[in-house]
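Survey of secondary and tertiary structure
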Amino acid sequence: AQSVTQPDIHITVSEGASLELRCNYSYGATPYLFWYVQSPGQGLQLLLKYFSGDTLVQGIKGFEAEFKRSQSSFNLRKPSVHWSDAAEYFCAVAFKAAGNKLTFGGGTRVLVKP
Amino acid sequence: DTGVSQDPRHKITKRGQNVTFRCDPISEHNRLYWYRQTLGQGPEFLTYFQNEAQLEKSRLLSDRFSAERPKGSFSTLEIQRTEQGDSAMYLCASSQGDAPSSDTQYFGPGTRLTVL
């Protein structure tokens, strides 16, 4: 079945440590790929997106993601986490032929320890 | 540009009542999307508009749900005869253009619906 999977429901990381969030997709074709962040009481904010070209994508707030076609993955990374990065992170995919509607993964909640 | 706004932010209603939510997109964005997010889950697509035309409806959108975008600007989502299972956060997003490179969806803060 076509799906977007975020294997980790929760991740706890110490402030200053690195962070990697996993995202895998299962589609016949390569979709457009997105990472969004949702803080409590806030709307979803786009961190970065991949359409084509360079497989390493830079986003806002110091985040980057790498597209690996062979692994059907689009993992999100940050070298040094700040307490303000505590939030829920969603990976999403879209296809132009499907009206660009987003299909989201289940999300990963990130907790940051001082 | 104040971003996507949604009204109300919270709605508590009794089962069987009708509710209506409003979404004001970023001006001149021609696409408007509705999503629903239940607790602990990612958002799920409900429907979307290109200008005033509703181009797709998810099978999640039962007959009790109706969405409109009469003048291609703001949109309303109505739920008739609400059920407890309708309790969720309803998210609206807007975007400009149909090329994925320019079709970044900007989300509003959402309307949280609680059906008692």
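Provided above is the structure to which this section pertains.
These figures come from a predicted structure and were not determined experimentally.

In terms of regular secondary structure, chain A is built from 0 helices and 12 strands. Along its sequence from the N terminus, chain A presents helices and strands in the succession β-β-β-β-β-β-β-β-β-β-β-β. Oriented by its inertia axes, the alpha-carbon framework of chain A measures out at about 45 × 30 × 25 Å. Of all 114 residues assigned to chain A, the portion counted as buried reaches 45%. Partitioning the intrachain contacts of chain A with sequence separation of at least 6 by distance along the chain shows that 54% fall at a separation of at least 24.

Time to look at the state of the cysteines. Inspection of every chain in the model, using the stated rule, returns 2 disulfides over all chains. The side chain of cysteine 23 of chain A participates in a disulfide bridge whose partner is cysteine 91 of chain A; the two sulfur atoms lie 2.0 Å from each other. Given an S-S torsion of about -65°, the disulfide between cysteine 23 of chain A and cysteine 91 of chain A has left-handed geometry. Note that cysteine 23 of chain A is positioned in the loop between strand S3 (19-21) and strand S4 (24-26) and cysteine 91 of chain A in strand S10 (residues 87-94), a separation of 68 residues in sequence. According to the relative accessible area criterion, cysteine 91 of chain A is buried, its value standing at 0%. Each disulfide pairs two cysteine sulfurs, and for cysteine 23 of chain B the partner residue is cysteine 92 of chain B, the sulfurs being separated by 1.8 Å.

Residues and elements named next belong to chain B. Taken in spatial order, the 4 strands of this open sheet run S1-S3-S8-S7, and their pairing is antiparallel. Every interior strand has two partners, whereas the edge strands, strand S1 (5-7) and strand S7 (65-68), have only one. Going from strand to strand, the sheet's axes swing by 15° on average, the running direction of each strand aside. The pairing of S7 with strand S8 (residues 75-79) spans 4 bridges and is classified as antiparallel.

Time to look at empty space enclosed by the protein. All names here are of chain A. Evaluation of the coordinates by the stated rule reveals 2 cavities of 30 Å³ or more. Lining the second largest cavity we find Val37, Ser39, Leu47, Lys61, Phe63, Ser84, Asp85, Ala87 and Tyr89. In terms of residue class, the lining of the second largest cavity is made up of 5 nonpolar, 2 polar and 2 charged.

What counts and how
Residues numbered from 1 in each chain as written. Chains lettered and ligands numbered in written order. Predicted model: local features only at pLDDT ≥ 70, side-chain atom pairs only at ≥ 80, totals over all residues. Heavy atoms only, no water. Helix = DSSP H or I, 4+ residues; strand = E, 2+ residues; numbered from the N terminus. Buried < 20%, exposed > 50% of the residue type's maximum accessible area, 1.4 Å probe, protein only. Contact = heavy atoms within 4.5 Å. Disulfide = S-S within 2.5 Å. Pairing = 2+ DSSP bridges. Axes fitted to C-alpha atoms, helices over the stretch in contact; angles between N-to-C directions. 1 Å grid on protein atoms, 1.4 Å probe; cavity = no way out; pocket = protein on both sides within 12 Å on 5 of 7 lines; lining within 4 Å. Points joined across faces, edges and corners; volume = space filled by probe spheres on them. Nonpolar A, V, L, I, M, F, W, Y, C, P; charged D, E, K, R; others polar.

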